[in-house]
Amino acid sequence: MKTTTLAALGLATTIATTATAEDIKIGLLLPYSGVYAALGNEIDAGFALGLEQFGGETDATFEILREDTEVKPPVALGKAKKLILQDEVDVITGIVSSGVLGAVRDMVHGAGVPLIVSNAGNDEATGADCSPFITRMSFSNGQVNRPMGTWMYEQGIRKVYTLAPDYAAGRQMIDAFEQTFTAAGGEIVGQDFTPFQKTQDFGPYLTQAKSSGADAVYVFYAGGEAISFVKQYDSFGLKAELPLYGSGFLTSSLYVNAQGPAAEGVIAASHYVPTIENDANAVFVDGFMAKIGHAPSEFAVQGYDAARALVEATKAGATDRASLANALRQVTFEGPRGILSIDPATNNIVQPIYVYETVAGTDGLTQKVLAQLPSEADPANDCVMDPVSN
Ligand code: BEZ
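What this report covers is the structure whose coordinates are included nearby.

Cut-off values and rules
Every chain is numbered independently, its residues counted from 1 as its sequence is written. pLDDT decides what is reported in this predicted model: residues at 70 or higher carry local features, side-chain atom pairs at 80 or more are listed and counted, and totals for whole chains, interfaces and linings draw on all residues regardless. As a convention, hydrogens and water are excluded, and side-chain values are obtained from all of the structure's heavy atoms. To qualify as a helix, a DSSP run of H or I must reach at least 4 residues; to qualify as a strand, a run of E must reach at least 2; elements of each kind are numbered from the N terminus. Just to be clear, the radius of gyration here is over C-alpha atoms, and the globule rule we use is 2.2 Å times residues to the power 0.38. Exposed residues in this analysis have more than 50% of their type's maximum accessible area, buried residues have under 20%, and partly exposed residues fall in between, with area computed by a 1.4 Å probe over protein chains only. Contact criterion: two residues are considered in contact whenever any of their non-hydrogen atoms come within 4.5 Å of each other. For the area figures, the Shrake-Rupley method with a 1.4 Å probe applies, and any residue is considered shielded solely by the protein chains shown. Asp and Glu are treated as the negative residues and Lys and Arg as the positive ones, with His and the ends of the chain left uncounted. Where a charge lies is defined by one atom per residue type: Lys uses NZ, Arg uses CZ, Asp uses CG and Glu uses CD. In protein, a polar contact means a hydrogen-donor-capable atom and an acceptor-capable atom, both N or O and within 3.5 Å, with residues adjacent in sequence counting only if both atoms are side-chain atoms; elsewhere, any N or O pair within 3.5 Å suffices. Whenever a carboxyl oxygen of Asp or Glu lies within 4 Å of a side-chain nitrogen of Lys or Arg, that contact is scored as a salt bridge. Only strands joined by at least two bridges in the DSSP assignment are considered to pair.

Things to note about the overall build of the protein chain
From N to C terminus, the protein chain includes 11 helices and 16 strands. A compact globule built from 390 residues should have a C-alpha radius of gyration of about 21 Å, and the protein chain, at 20 Å, falls within 12% of that. Summarising its shape, the C-alpha atoms of the protein chain cover approximately 70 × 45 × 35 Å along the three principal directions. With 390 residues in all, the protein chain has 59% of them scored as buried. Considering only contacts in the protein chain between residues 6 or more positions apart, those separated by 24 or more positions represent 71%. As presented, the protein chain carries roughly 14200 Å² of accessible surface, and 49% of it is formed by carbon and sulfur atoms. A distance of 4 Å separates the average location of the 24 positive side-chain charges in the protein chain from that of its 45 negative side-chain charges.

Looking at helix 11 (residues 321-328)
Among the eight residues that make up helix 11, seven are buried, leaving the element largely enclosed by the rest of the structure. Residues of helix 11 that are buried: Ala-322, Ser-323, Leu-324, Ala-325, Asn-326, Ala-327 and Leu-328. Those residues of helix 11 hidden inside the fold are in contact with strand 2 (23-30), strand 4 (91-94), strand 5 (115-117), strand 6 (134-136), helix 10 (298-315) and strand 13 (338-342). The distance from a side-chain oxygen at the start of helix 11 to the backbone nitrogen of Ala-322 is 3.1 Å, and the residue carrying that oxygen is Asp-320.

What about the pattern of salt bridges?
Any two side chains of opposite charge can pair, on the condition that their charged atoms come close. On inspection of all chains with the given rule, the structure shows 13 salt bridges. In this structure, the salt-bridge partner of Glu-67 is Lys-82, at a minimum N-O distance of 2.9 Å. Pair noted here: Glu-67 is in strand 3 (residues 61-68) and Lys-82 is in helix 2 (residues 73-86), with a separation of 15 residues, a long-range link. Residue Glu-67 is classed as buried on the basis of its relative accessible area of 4%. In this structure, Glu-70 engages Lys-72 in a salt bridge whose closest nitrogen and oxygen atoms are separated by 3.3 Å. Taking relative accessible area as the criterion, Lys-72 reaches 43% and is therefore assigned partly exposed. Look at the salt bridges and you will find they share partners, linking Glu-57, Glu-312 and Lys-315 into a network.

A short note on unusual backbone geometry
Even without being glycine, Glu-88 reaches a positive phi, approximately 55°. With respect to the helices and strands, Glu-88 occurs in the loop between helix 2 and strand 4. Exposure remark for Glu-88: the relative accessible area of 54% places this residue in the exposed category. The residue Ile-95 is not glycine, and still its phi comes out positive at about 75°.

Here's the deal with the pairing of strand 7 (residues 159-165)
With six of seven residues buried, strand 7 is to be regarded as a mostly interior element. Pairing of strand 7 with strand 8 (residues 187-194) involves seven bridges; the strand directions are parallel. Each residue of the ladder has a partner; that of Thr-162, found in strand 8, is Gln-191. Sheet topology places strand 7 next to strand 9 (residues 216-219); four bridges connect them, and they run parallel. Each residue of the ladder has a partner; that of Thr-162, found in strand 9, is Tyr-218.

As for the pairing of strand 12 (residues 332-335)
By the alternation rule, side chains of strand 12 split into Phe-333 and Gly-335, which are all buried, and Thr-332 and Glu-334, of which none is buried. Bridge count for strand 12 against strand 13 is four bridges, and the pairing is antiparallel. Residue pairing across strands places Gly-335 opposite Gly-338, the latter belonging to strand 13. Connecting strand 12 to the next strand, strand 13, in antiparallel fashion are two residues.

If you want it as structure tokens, here you go:
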């Protein structure tokens, strides 16, 4: 695949080079094809912008090698092996699907290559299968969905029907929501997991939801599946009688305009929306708009913050795989999403969660923040974090 140096990106003048400068080889492992291709491209764009904006703060130089996971775990494992063994990258970043993260976990852990996860929420990667080489700069599936169970109950919702694609992310996201919703006193009156990457017609599932006696529907869908689901939900006439809620990916700013008016009124929880008001987000939104031409999504900020974390690690003097892994887990900064830190017990990110509603704005659909929920570290879930020796 394509190799990009910062010089090729026109950035050579912004990066200080000294006699001691290190060249860090980065493997960008993302879906550039398949159902999550738009998400992969958005993370890539955020990552390039992050290196552009923060790269001048370090003496290190960066070389990027891209590989396409195709959202297929066996393909992704082959690409990870190539990056590690043949290209000898110093660090890998990317991975969108929880299934792909599960597939490459043992490879990066065994080879001792630091992985900055810039999407995949797989709870196991910062739980029972945690690794000192895996640091998450995105979110975990539990982290985004757990607060919504409590919040929705507090809004008076008592009976919910849930839907999600049938793979690790769908199962973990719905489990997390269900745990807190039922703990608060709510009831899950029905549930379906739809075949991942294969479901075109959600009609049969919507018929079940309609007759379930639920007060609301709660779902996880992302990318192309989110666009189809939200449109079909609306054209089925369900939105008025059964309000639609979900994890924030459902109505991501990346594709909400493709959903159109069908997305209006949907309420979701996310670790980022472009309408968050803080100085770091203003800089990010302006820079992304100027370079890419649309407002950044949660996927873009994950790439951007992964790049910033890597810059921070090299500023702390890390140059090889082991020292990069150690430095990455100590990164903390205030970025577009607010204050971020890494929980040393799991290497998962700790960050605020925002509940937002999609509403009509002057320039199309926008995200109205309804609540900012506090940052909470995930439960360690049997994670044993072995130290890495430099
Ligand atoms: C996941 O598989 O972890 C995932 C994919 C897309 C959006 C959010 C999570």
